[in-house]
Amino acid sequence: MLLLVWALATVWGSVVQTRWNLQALVDAGVSIPAGTWWRVIGQDLVGFAPVYGGILAAGWLIAFPVASGLARWWPAGRTALLASAAGVGMVAAVRAVDAVAPMPVFIDATRGLPGLFAMAAGAVLAGGLYARLTAR
């Protein structure tokens with residue numbers, strides 16, 4: 001189940017960052033045909049998603065065990081804890097990569113809060129889904 005929700009969050013994040021970047025070009029006056037949007041999304045799913053998936057996994061490697069431990073003391077909050085942990089883990093991992101990357105930010109969509117929250121939303125949804133799918 002964890003692999004499934006990780007894949008979901010990875011695809012979500014990849015598509016969000018692609019859309020964010022293409023929209024910035026459109027806002028700058030570049031005309032991008034629909035076919036190009038779909039081609040670039042596909043290319044990013046092949047080229048960017050594996051990198052983002054690794055970043056996401058690194059954040060979840062810490063966040064999920066902490067949330068699971070807390071859920072032992074607050075079983076009713078398990079879904080909220082895992083969903084929150086997935087989002088916080090994603091944000092922490094992205095910010096950690098940004099701190100060591102030579103460029104100002106590694107993922108341009110995460111430069112500001114709207115893009116960061118849009119990407120984190122996929123992680124939060126995936127964390128909540130994981131909690132529901134693995135409920136006892």
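To be clear, the structure that these remarks concern was listed above.
About the criteria used
- Residues numbered from 1 in each chain as written.
- Predicted model: local features only at pLDDT ≥ 70, side-chain atom pairs only at ≥ 80, totals over all residues.
- Heavy atoms only, no water.
- Helix = DSSP H or I, 4+ residues; strand = E, 2+ residues; numbered from the N terminus.
- Expected span 1.5 Å × (residues − 1).
- Buried < 20%, exposed > 50% of the residue type's maximum accessible area, 1.4 Å probe, protein only.
- Arc of directions from axis to C-beta.
- Contact = heavy atoms within 4.5 Å.
- Patch = residues over 30% accessible without salt bridge, like charges linked within 9 Å, V, L, I, M, F, W, Y side chains within 5 Å.
- Areas by Shrake-Rupley, 256 points an atom, 1.4 Å probe, with all protein chains shown as cover.
- Salt bridge = Lys/Arg side-chain N within 4 Å of Asp/Glu carboxyl O.
- Core = buried A, V, L, I, M, F, W, Y, C linked by side-chain atoms within 4.5 Å.
- Axes fitted to C-alpha atoms, helices over the stretch in contact; angles between N-to-C directions.
- Left-handed = near helix turned anticlockwise from the far one by under 90°.
- Nonpolar A, V, L, I, M, F, W, Y, C, P; charged D, E, K, R; others polar.
- Polar contact = N/O pair within 3.5 Å; in protein donor to acceptor, adjacent residues only side chain to side chain.
- Phe/Tyr/Trp six-rings, centres within 6.5 Å; stacked < 30°, edge-to-face > 60°.

Draft legend 1. Representation of helix H2 (residues 34-47). Spanning 14 residues, H2 covers 20 Å between terminal C-alpha atoms, matching the ideal 20 Å at 1.5 Å per step. Those residues of H2 that fall on the buried side of the exposure criterion are Trp37, Val40, Ile41 and Asp44. Looking straight down H2, one finds its buried side chains confined to an arc of 105°; they lie on one side. For H2, the exposed residues set more than 90 degrees away from the buried face come down to Gly35, Trp38 and Val46. The elements touched by buried residues of H2 are helix H1 (2-27) and helix H3 (49-73).

Draft legend 2. Highlighting a nonpolar patch on the surface. Together, Leu61, Ile62, Val66, Leu70, Trp73 and Trp74 make up an exposed nonpolar region whose accessible area comes to about 760 Å². Note that Trp73 resides in helix H3.

Draft legend 3. Molecular detail of the nonpolar core. Counting residues in hydrophobic clusters, the biggest one holds 28 residues, and the most contacted among them are Tyr52, Leu56, Trp60, Met90, Val94, Ile107 and Met119. Ranked by residue count, the leading element in this core is H3, at 8 residues. Look past the residues within four positions of Val94 in its chain and what remains in contact with it is Tyr52, Ile55, Ile107, Thr110 and Leu116.

Draft legend 4. Geometry of the packing of helix H4 (residues 78-100) against helix H5 (residues 113-133). Where H4 contacts H5, the axes come no closer than 7 Å and their chain directions differ by 145°. Between H4 and H5 lies a crossing of right-handed hand. Where H4 approaches H5, its residues Arg78, Thr79, Leu82, Ala83, Ala86, Gly87, Met90, Val91, Val94 and Arg95 are matched on the opposing element by Leu116, Met119, Ala120, Ala123, Val124, Gly127, Gly128, Tyr130, Ala131 and Arg132. Here the residues of the contact of H4 with H5 sort into 13 nonpolar, 4 polar and 3 charged.

Draft legend 5. Representation of the side chain of Thr110. Structurally, Thr110 is set in the loop between H4 and H5. Here Ile107 takes part through its backbone oxygen, which lies 2.6 Å from a polar atom of the side chain of Thr110.

Draft legend 6. Up close: the pattern of salt bridges. Enumeration according to the criterion identifies 2 salt bridges in this entry. A salt bridge links Asp98 to Arg95; the nearest nitrogen and oxygen atoms lie 3.1 Å apart. Taken as a pair, Asp98 and Arg95 lie in helix H4 at a separation of 3 residues, close to a single helical turn. With relative accessibility at 10%, the residue Asp98 sits in the buried group.

Draft legend 7. Summary view of the packing of aromatic side chains. Scanning all chains against the criterion turns up 3 aromatic pairs. When the ring of Phe64 is compared with that of Tyr130, the centres are 5.5 Å apart and the planes differ by 55°; the resulting orientation is tilted. Of this pair, Phe64 sits in helix H3 while Tyr130 sits in helix H5; the two residues are 66 residues apart in sequence, bridging distant segments of the chain. The class for Phe64 is buried, based on a relative accessible area of 7%. Here the aromatic residues Trp60, Phe64 and Tyr130 are joined through ring pairs into a cluster of three or more.

Just distances and angles here, no functional claims.
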